[in-house]
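Examining the three-dimensional arrangement
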Amino acid sequence: DQQVKQNSPSLSVQEGRISILNCDYTNSMFDYFLWYKKYPAEGPTFLISISSIKDKNEDGRFTVFLNKSAKHLSLHIVPSQPGDSAVYFCAAMGQGAQKLVFGQGTRLTINP
Amino acid sequence: DSGVTQTPKHLITATGQRVTLRCSPRSGDLSVYWYQQSLDQGLQFLIQYYNGEERAKGNILERFSAQQFPDLHSELNLSSLELGDSALYFCASRPGPPSGANVLTFGAGSRLTVL
């Protein structure tokens, strides 16, 4: 049972444009959401997070939006840069839970 | 460098064998997590330890076991290896209370290839 889903395995965006990565979840007990970025031969690195009490969190070029009623979150990267090319994982955690549940990842490619 | 150290980085072995993967968490972190990433798949949670005790268990096979030692490093033991066990194995750590931080910090992973 895939509780966190990233339905787009890959995304290609022009440099300078906006990248939008999407994530859906099914478990209504999730109350904390994170995005991780992963380069080849490296471990995932934390990018940005959002609590369920908020609907938006911004950090520089990265903004995460949370729509609780739709059980959907998205990561916006503006403007996209070549160094943003990586695999992005959405993850979720429930209150009192000990583990992060990850989506399958979306491979983002930024074209010059 | 994330501060989470995993060894070995690469490991090639044969079916039926046993291997041990090692993880040293970030200084001060009490929780250690193990995740498995098979080819082009997401990260699957295996098991979590907090200050030496098992706290949560995921889809970990009976052939796999783990422990966290008093110095907080952790080992993941994989036995009777099968071809399907070939994967990247990630360790992550997280601060304990009172920080309560929900961010896991990952190591670079151990790539296991079973031939």
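Provided above is the structure to which this section pertains.
Residues numbered from 1 in each chain as written. Chains lettered and ligands numbered in written order. Predicted model: local features only at pLDDT ≥ 70, side-chain atom pairs only at ≥ 80, totals over all residues. Heavy atoms only, no water.

Some words on the overall build of chain A
Condition: Runs of H or I in DSSP of at least four residues are treated as helices and runs of E of at least two as strands, each being numbered from the N terminus. Every radius of gyration here is taken over C-alpha atoms, with the globule rule written as 2.2 Å times N^0.38, N being the number of residues. Each residue's exposure class comes from its accessible area (1.4 Å probe, protein chains only) as a fraction of the maximum for that residue type: buried when under 20%, exposed when over 50%, partly exposed otherwise. We call two residues in contact when some of their heavy atoms are within 4.5 Å. Calculation of accessible area relied on Shrake-Rupley with a 1.4 Å probe; when residues are assessed, cover is drawn exclusively from the protein chains displayed. His residues and chain termini do not enter the charge count, which takes Lys and Arg as positive and Asp and Glu as negative. The atoms used to mark charge sites are NZ of Lys, CZ of Arg, CG of Asp and CD of Glu.
For chain A, the helix and strand inventory stands at 0 helices and 11 strands. Each helix (α) and strand (β) of chain A, taken in turn from the N terminus, gives the series β-β-β-β-β-β-β-β-β-β-β. A compact globule built from 112 residues would reach a C-alpha radius of gyration of about 13 Å, and chain A, at 13 Å, matches this within 12%. For the C-alpha atoms alone, the extent of chain A along its principal axes is close to 40 × 30 × 20 Å. Counting across all 112 residues of chain A, residues that qualify as buried make up 45%. Within chain A, contacts between residues separated by at least 24 positions form 55% of all contacts whose residues are at least 6 apart in sequence. As presented, chain A carries roughly 5400 Å² of accessible surface, and 48% of it is formed by carbon and sulfur atoms. Averaged over its 11 positive side-chain charges, chain A has a centre that lies 3 Å from the centre of its 9 negative ones.

Quick word on the nonpolar core
The test is simple: Nine residue types can take part in a nonpolar core, namely buried Ala, Val, Leu, Ile, Met, Phe, Trp, Tyr and Cys, and a core is a set of them joined through side-chain atoms within 4.5 Å.
V4, F33, W35, L73, L75 and Y88 of chain A are the most contacted members of the largest nonpolar core, which has 24 residues in total. When residues of this core are traced back to their parent elements, those giving at least two are β3 (19–25), β4 (30–38), β5 (45–51), β7 (62–67), β8 (72–77), β9 (86–94) and β11 (106–111) of chain A. With 4 residues, the top contributor of residues to this core is β9 of chain A. Setting aside chain neighbours within four positions, we find L73 of chain A in contact with L21, N22, C23, Y25, F33, W35, V64, F65, L66 and C90 of chain A. Formed by 20 residues, the second largest nonpolar core is a distinct cluster that contains V4, Y89, C91 and V114 of chain B.

A few points about the sheet that holds strand β1 (residues 4–5) of chain A
In sheet architecture, strand pairing relies on hydrogen bonds along the backbone and comes in two forms, parallel and antiparallel. Note the following rule: Here, a strand pair is defined by DSSP locating no fewer than two bridges between the strands.
Spatially, the 5 strands line up as an open sheet ordered β1-β3-β8-β7-β6 (chain A), and their pairing is antiparallel. Edge positions in the sheet fall to β1 and β6 (56–59) of chain A, since each has one partner strand and no second.

Some words on the interface of chain B and chain A
The criterion, for reference: Put simply, buried area is the surface a 1.4 Å probe can reach on two separate parts but cannot reach once they are joined, added for both. A carboxyl oxygen of Asp or Glu within 4 Å of a side-chain nitrogen of Lys or Arg is what we treat as a salt bridge. Pairing of N or O atoms within 3.5 Å defines a polar contact, subject to two protein rules: one partner must be a possible hydrogen donor and the other a possible acceptor, and residues neighboring in sequence count only if both atoms are side-chain atoms. Put simply, Ala, Val, Leu, Ile, Met, Phe, Trp, Tyr, Cys and Pro go in the nonpolar bin, Asp, Glu, Lys and Arg in the charged bin, and everything else, Gly too, in the polar bin.
Counting residues at the interface gives 20 residues for chain B, matched by 19 residues for chain A. Taken over both partners, the interface formed by chain B and chain A buries close to 1500 Å², and the fraction arising from carbon and sulfur atoms is 60%. Linking chain B with chain A are 0 salt bridges, by the criterion used here. On inspection of chain B and its partner chain A, the count reaches 2 residue pairs in polar contact (both at pLDDT 80 or more). If you list the elements that add at least two residues to the side of chain B that touches chain A, you get β4 (29–37), β5 (44–50), β6 (53–57) and β9 (87–95) of chain B. Taken together, the residues of the side of chain B that touches chain A sort by class into 11 nonpolar, 6 polar and 3 charged.

Here's the deal with the sheet that holds strand β7 (residues 64–68) of chain B
Residue and element names in this part refer to chain B. Heads up, the rule is: All axes are obtained by fitting lines to C-alpha atoms, using only the stretch in contact for helices, and the reported angles, taken between N-to-C directions, cover 0 to 180 degrees.
Taken in spatial order, the 4 strands line up as β1-β3-β8-β7 in an open sheet, and their pairing is antiparallel. Taken across any chain shown, the strands that pair with only one partner, and hence form the sheet edges, are β1 (5–7) and β7. The mean inter-strand angle of the sheet, taken between neighbouring strand axes irrespective of direction, is 15 degrees. Direction of pairing for strand β3 (residues 19–24) relative to strand β8 (residues 74–78): antiparallel, over a ladder of 5 bridges. Note on β8: the bridge partner recorded for V19 is L78.

Some remarks on the pattern of salt bridges
Side-chain pairs of opposite charge can arise where the charged atoms are in close proximity. For the structure on display, the rule yields 7 salt bridges over all chains. Linking R26 of chain B and D29 of chain B is a salt bridge whose minimum nitrogen-to-oxygen distance equals 2.9 Å. Judged by its relative accessible area of 29%, R26 of chain B is partly exposed. Accessibility expressed as a relative area gives 3% for D29 of chain B, which makes it buried. The closest approach of N and O atoms between R63 of chain B and D85 of chain B, which form a salt bridge, is 2.8 Å. Here R63 of chain B is found in the loop between β6 and β7, whereas its partner D85 of chain B is found in the loop between β8 and β9, with 22 residues between them in sequence. In terms of burial, R63 of chain B and D85 of chain B fall into one category: buried. Ionic contacts of the salt-bridge type, sharing partners, join the residues K37, R61 and D84 of chain A into one network.

A short note on the side chain of T13 of chain B
With respect to the secondary-structure elements, T13 of chain B resides in strand β2 (residues 10–13). Residues in contact with T13 of chain B, not counting those within four places in the same chain, are V19, L81, L112, T113, V114 and L115 of chain B.

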